[in-house]
Every structure is written in structure tokens, then in C-alpha cells.
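# Coordinate analysis (summary)
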Amino acid sequence: MTPPTITKLCQDLPPTDSNEAFEALLERPGLKLERIVSRGHATPPGEWYDQEQDEWVAVLAGAARLRVEHHGSYELGPGDSLLLPARCRHRVDWTDPDQPTVWLALHVWP
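A few points on the structure. (Residues numbered from 1 in each chain as written. Predicted model: local features only at pLDDT ≥ 70, side-chain atom pairs only at ≥ 80, totals over all residues. Heavy atoms only, no water.)

A separate point is the sheet that holds strand E3 (residues 54-61). Pairing in this open sheet of five strands is antiparallel, and the strands run E1-E2-E8-E3-E6 from one edge to the other. The outermost strands of the open sheet, each flanked by one partner alone, are strand E1 (20-28) and strand E6 (81-84). Across the sheet, the mean angle separating the axes of adjacent strands is 20° when strand polarity is ignored. Looking at chain direction, E3 and strand E8 (residues 101-108) are connected through seven bridges and run antiparallel. Among the inter-strand pairings, valine 59 is bridged to a residue of E8, identified as tryptophan 103. (Pairing = 2+ DSSP bridges. Helix = DSSP H or I, 4+ residues; strand = E, 2+ residues; numbered from the N terminus. Axes fitted to C-alpha atoms, helices over the stretch in contact; angles between N-to-C directions.)

Time to look at unusual backbone geometry. One non-glycine residue, histidine 70, lies in the positive phi region at around 70°. Secondary-structure assignment places histidine 70 in the loop between strand E4 (64-68) and strand E5 (72-76). Take histidine 70: its relative accessible area is 74%, and that puts it in the exposed class. In this model, arginine 87 sits at a positive phi of 70°, which is unusual for a non-glycine residue. Along the chain, arginine 87 turns up in the loop between E6 and strand E7 (90-95). (Buried < 20%, exposed > 50% of the residue type's maximum accessible area, 1.4 Å probe, protein only.)

Across the six residues that make up E7, a large majority, five, are buried. Where E4 meets E7, five bridges bridge the pair, whose relative direction is antiparallel. Bridging across to E7, leucine 66 finds its partner in valine 92.

As C-alpha cells, this is what we get:
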């Protein structure tokens, strides 16, 4: 039996020269949980995420602004979460350039 694992989600962050880093924390059929660390990241102009799976995101530290097509912008800070249904076009407009923004992202496939 594998022992439980402690992960310090807001510690041991990637180097500051990376403006966005992804780390898979748990993967199972139909499910992926990842930590994302952003520093001044934004989706390139004109690009949108359009995913086949639902995505739930939560900001643990820092701040971000997401734009959801046809629904406007959402400001997220520590403790805020947002559910993005499959095929919901969205983009990251801004993450705090002065401190890491630490996200949890849960992807769930049908």
C-alpha cells in the first residue's frame, strides 16, 4: 500500500523565470488534478481555451482575471473558484506579475 503524500501547494514553487508552470498532482481515467503557478501570465491575444472536459479552477494565492466568451470577466483571488463547463471558451487575461498566482485545476471528462 502506498503511504499518503503531503503536498505543500503554496510552497516549493517553480523558479521565478517561468511565467507559467503545470504540475499534475493526481491523474485517473476521466480526471486530472493539477497545480498551476502563474507569474504575469496571459493567454496570447486572439487565443481561447475550448476544452472537451469540464474544468474547475481555484486560486489559492495571488490574483487572476479570466474572460469567458459571452459572459465577461471574472476576478479571482485566494479562495475563489470558477467552474468552466466543457466547450466554454475562456482565456486568462491577467495574473499578478508581482507574486505567484497558485491555482488548483480539476479537469473532468464525460
